[in-house]
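Listed below are the residues making up each chain.
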Amino acid sequence: MPNPDLVLWDATLIDCRAPHPVEGMRITVRGGRIEQVDAAEGPPPPNAIDVAGRFVLPGLIDAHIHLADDPKMLEAAALPKPLQGEEPRPRELVYFALANAARAFLRAGVTTIRDVGCYDDNALVLREAIRLGLTEGPRILACGRIISATAPGGRIFNTMYEEGDGPWEMRSCVRKQLRRGADYIKVMAGGARSVDRENPEPAQLTREEMDALVDEAHRLGLRVAAHAEGLGAVRLAVEAGVDTIEHGLSLHRAPDLLDKMARNGIVLVPTLSTFHDVGERFANVFAPRLVEQAKRQREEAYRTLIAARDAGVTLAMGFDSGPPGRDALELVRMVEGGLSAHEGITAATAGSALALGLTDAGTIEQGKVADIVVLDGNPLVDITAFMQPEKIWMVVSAGRVAVAPPTHSPARGESIATGV
Ligand SMILES: [Zn+2]
């Protein structure tokens, strides 16, 4: 047997499978997968990376992100806007900005993202660029276009949407996304909080339309993620048997639906950060009615986070914000909102893997894809460790080292001050 590709030595493992960290472990990686997880005994083998007791976790999975080349979300990764009189920027420059975004995800330990809607097939293009080795980045699951009823949002989101009406058009919309290259289907069950002329409370599709969409997607082997904010939209989506509810902030008002989600394995992606965005961070650029609405929704979203946890609903982490690589802010907010750090980490790894329908990610376990983050700090004590670049000690993405350990990094018990 040739040498393994990578051996991590003396790891302190944290994942959803044990309530406490497991110390002194060896992780062997071969062919992009975790080959073995066992005790690190005796001296480390010559080529092993001694992580010296640092905290080793599954790569984070962001279950709700838009690769939407929006400068206010991309921040440093965005294209600078041309000054008046300058050459117009070629549209294709956006792909370089997206490549920057992809690297930013990896540097932050985000090894998988689910794009839930973007312009001009950005996510599909980036997914292919990464697959072909043209740029490095996380594993990407893309929905193609968001399927919506004919709605005001269609005028605002343009190529992000595929509009249709009636059950057969819903089936056709699903087929078009499969043709486009989608990994799963995203549907607007109700209106969006970011569109002034939409009401997020009621369902936007009829039951007949939603049933047809879910039937078509599932028959073709595609999962369905439903944008659903208000109770009318959430009820329609849950009863139609979608796989994930995106936002779902009103669910605390409907314990029967939370029960149904828990029983049927429907995952909730609470996206707390988006309500902070529309209600606070970007309050100066959104219509005043939407800002007020987002403030109310933020309160509801935090109540739903706890109600869903208590009802046994699987939670996933979805940032729905930016910039890329800042995703763990959503994890921090979930913990500030009342989840334990371990529950938060479980949501951001195994919970998100369930949301995406991935059976080969989300835990540090034999046979899984080798997506691994090594933290120089205990996230169970300080969950913000994920957001501190100097604490991201190492990142492995599908067995490849994406962030290498610092050349000199003090081992456990050594002090940085003495430099030993
Ligand atoms: Zn979103």
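In this report, the structure presented in the accompanying data block is examined. (Residues numbered from 1 in each chain as written. Predicted model: local features only at pLDDT ≥ 70, side-chain atom pairs only at ≥ 80, totals over all residues. Heavy atoms only, no water.)

## Side note on the sheet that holds strand β7 (residues 110-115)
Here is step 1 of the chain: Taken together, three strands build an open sheet; the order of strands is β6-β7-β8 and the sheet is parallel. Since the sheet does not close on itself, it has two edges, and those belong to β6 (60-65) and β8 (139-142), each with one partner. Taking each pair of neighbouring strands and ignoring which way they run, the sheet shows an average axis angle of 15°.
Here is step 2 of the chain: Bridge count between β7 and β8: four bridges; the pairing is parallel. Pairing of Ile113 across the sheet is with Ile140, part of β8.
Here is step 3 of the chain: Across the sheet, helix α3 (residues 122-131) is in contact with β7 and β8; its angle to β8 comes to roughly 150°. (Pairing = 2+ DSSP bridges. Helix = DSSP H or I, 4+ residues; strand = E, 2+ residues; numbered from the N terminus. Axes fitted to C-alpha atoms, helices over the stretch in contact; angles between N-to-C directions. Contact = heavy atoms within 4.5 Å.)

## Some points on helix α2 (residues 94-107)
Here is step 1 of the chain: Spanning 14 residues, α2 covers 20 Å between terminal C-alpha atoms, matching the ideal 20 Å at 1.5 Å per step.
Here is step 2 of the chain: Along α2, the residues classified as buried are Val94, Ala97, Leu98, Ala99, Ala101, Ala102, Ala104, Phe105 and Leu106.
Here is step 3 of the chain: On its buried face, α2 sits against β6, α1 (71-74), β7, α3, β16 (392-397) and β17 (400-403).
Here is step 4 of the chain: After α2 finishes, the residue Gly109 shows a positive phi value of roughly 85°. (Expected span 1.5 Å × (residues − 1). Buried < 20%, exposed > 50% of the residue type's maximum accessible area, 1.4 Å probe, protein only.)

## Some points on unusual backbone geometry
Here is step 1 of the chain: Backbone torsion omega between Gly322 and Pro323 reads 0°, so that peptide bond is classified as cis.
Here is step 2 of the chain: With respect to the secondary-structure elements, Pro323 resides in the loop between α10 (288-310) and α11 (328-336).
Here is step 3 of the chain: Positive phi is not limited to glycine here, since His247 has a value of about 80°.
Here is step 4 of the chain: Here His247 falls in the buried class, since its relative accessible area comes to 2%.
Here is step 5 of the chain: The residue Asp320 is not glycine, and still its phi comes out positive at about 55°.
Here is step 6 of the chain: Among the structural elements, Asp320 can be located in the loop between α10 and α11.

## A closer look at the side chain of Glu216
Here is step 1 of the chain: Topologically, Glu216 is positioned in helix α6 (residues 207-219).
Here is step 2 of the chain: Among the residues examined, Glu216 registers a relative accessible area of 0% and is labelled buried.
Here is step 3 of the chain: In terms of polar contacts, Glu216 uses its side chain to reach the side chain of Arg175, at 2.7 Å.
Here is step 4 of the chain: With residues up to four places along the chain from it excluded, the contact list for Glu216 reads Arg171, Val174 and Arg175. (Polar contact = N/O pair within 3.5 Å; in protein donor to acceptor, adjacent residues only side chain to side chain.)

## Examining the nonpolar core
Here is step 1 of the chain: Formed by 86 residues in total, the largest nonpolar core has its most connected members in Leu67, Met210, Leu213, Ile245 and Phe386.
Here is step 2 of the chain: Take this core: its biggest share by element is seven residues, from helix α7 (residues 231-240).
Here is step 3 of the chain: Residues within four places of Leu67 in sequence aside, it is in contact with Leu98, Phe105, Ile113, Asp115, Gly117, Cys118, Asn122, Ala123, Leu126 and Ile140.
Here is step 4 of the chain: Of all hydrophobic cores here, the second largest spans 18 residues; its members include Leu6, Leu8, Ile27 and Ile372. (Core = buried A, V, L, I, M, F, W, Y, C linked by side-chain atoms within 4.5 Å.)

## What to know about the coordination of the zinc ion
Here is step 1 of the chain: For the zinc ion, the full set of protein donor atoms is His64 (NE2), His66 (NE2) and Asp320 (OD), and the range of their distances to it is 2.0 to 2.4 Å.
Here is step 2 of the chain: Here the donor residues for the zinc ion map to a single chain with the spacing H-x1-H-x253-D. Pair noted here: His64 is in strand β6 and Asp320 is in the loop between α10 and α11, with a separation of 256 residues, a long-range link.
Here is step 3 of the chain: Accessibility expressed as a relative area gives 0% for His64, which makes it buried. (Donors = N, O, S within 2.8 Å, 3.2 Å for Na, K, Ca; no water.)

## A short note on the pairing of strand β2 (residues 22-30)
Regular strands place their side chains on alternate faces of the sheet.
Here is step 1 of the chain: Where strand β1 (residues 6-13) meets β2, five bridges bridge the pair, whose relative direction is antiparallel. The residue of β2 that forms the bridge with Leu13 is Val22.
Here is step 2 of the chain: Note: β2 against strand β3 (residues 33-39), six bridges, orientation antiparallel. Looking across to β3, one finds that Arg26 is bridged to Asp38.
Here is step 3 of the chain: Hairpin connection, β2 to β3: the antiparallel pair is bridged by two residues, and Gly31 has positive phi, about 60°.

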